[in-house]
2 protein chains.
Amino acid sequence: MAKVKVHVFLKPGVLDVQGKAVEGALQGLGWSGVANARVGKLIEFDLDDAVADKEAEVKRMCDTLLANTVIESYRIEIA
Amino acid sequence: MAKVKVHVFLKPGVLDVQGKAVEGALQGLGWSGVANARVGKLIEFDLDDAVADKEAEVKRMCDTLLANTVIESYRIEIA
């Protein structure tokens, strides 16, 4: 059983409204040293060892379902 | 300028509906080897070097705003 982590985040040029909201809220609470906040998703799951070439399969999962590759990029960690 | 990453995820006992949806969708698409999917949030921001004791400050941010500590736990990485 392999532990898979997929980190999905908006591409740099895309406006991250959730990040802007977090940044504004933190600054409003007095943390003026906060900048460039971005909010992403982290998807974790177990993958059966019977799956051959896990990296390629997880990449296919990302392209098919987990990430909207028009505006999001992703990073895969398999442990 | 320190890079801060905060990973927020639901506590183990809490039903993760988004994770269940991802798991069901992946299995429905033919990836039957997927199990225990969980979806969390990853918040990244820059923190000014003028902030003393960054770890404690970020912990306060999490408890105040970034995580709902009743149902969520968090992990802080400062690089």
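Residues numbered from 1 in each chain as written. Chains lettered and ligands numbered in written order. Predicted model: local features only at pLDDT ≥ 70, side-chain atom pairs only at ≥ 80, totals over all residues. Heavy atoms only, no water.

Draft legend 1. Representation of the pattern of salt bridges in the model. All names here are of chain B. Applying the stated criterion across every chain, the model contains ten salt bridges over all chains. The shortest N-O distance in the salt bridge between Lys3 and Asp46 comes to 3.2 Å. Remark: Asp46 occurs in strand S2 (residues 34-47) and Lys3 occurs in strand S1 (residues 2-10); sequence separation between them is 43 residues. With relative accessibility at 55%, the residue Lys3 sits in the exposed group. The salt bridge involving Asp49 is made with Lys54; its shortest N-O contact spans 3.7 Å. Relative accessible area serves as the criterion here: at 18%, Lys54 is assigned to the buried category. (Salt bridge = Lys/Arg side-chain N within 4 Å of Asp/Glu carboxyl O. Helix = DSSP H or I, 4+ residues; strand = E, 2+ residues; numbered from the N terminus. Buried < 20%, exposed > 50% of the residue type's maximum accessible area, 1.4 Å probe, protein only.)

Draft legend 2. Examining the relation of the copies chain A and chain B more closely. Here chain A sits on chain B after a turn of 180° about the axis and a move of 0.0 Å along it, with an RMSD of 0.0 Å. Such values leave the two copies arranged in the relation of a two-fold axis. Taking C-alpha positions as the reference, the residue of chain A nearest the rotation axis is Lys41 of chain A, at 2.3 Å. A shared interface surface links the copies, since 100% of the contact residues of chain A are contact residues in chain B too. (Least-squares fit on C-alpha atoms with pLDDT ≥ 70 in both. Contact = heavy atoms within 4.5 Å.)

Draft legend 3. Representation of the interface of chain A and chain B within the structure. Across the boundary between the two partners, chain A contributes 31 residues, which contact 31 residues of chain B. Across the chain A to chain B interface the summed buried area is about 2,600 Å²; carbon plus sulfur atoms make up 66%. For chain A, the biggest contributors to the area lost against chain B are Trp31, Leu42 and Leu65 of chain A; these three give 22% of the whole. Run the count over chain A and chain B and you get zero salt bridges. Linking chain A with chain B are twelve residue pairs in polar contact (both at pLDDT 80 or more). Considering each element in turn, the side of chain A that touches chain B owes the most residues, 14 residues, to strand S2 (residues 34-47) of chain A. Of the residues assigned to the side of chain A that touches chain B, the class counts are 16 nonpolar, six polar and nine charged. (Buried area = accessible area lost by both parts, 1.4 Å probe. Polar contact = N/O pair within 3.5 Å; in protein donor to acceptor, adjacent residues only side chain to side chain. Nonpolar A, V, L, I, M, F, W, Y, C, P; charged D, E, K, R; others polar.)

Draft legend 4. Geometry of the environment of Ile71 of chain A. Residues and elements named next belong to chain A. For Ile71, the location among the structural elements is in the loop between helix H2 (54-66) and strand S3 (72-78). With relative accessibility at 32%, the residue Ile71 sits in the partly exposed group. In the structure, Ile71 is positioned 51 residues away from Lys20 in sequence and 17 Å away in space, judged by C-alpha atoms. Contact partners of Ile71, with chain neighbours within four places excluded, come to Phe9, Leu10, Lys11 and Val14.

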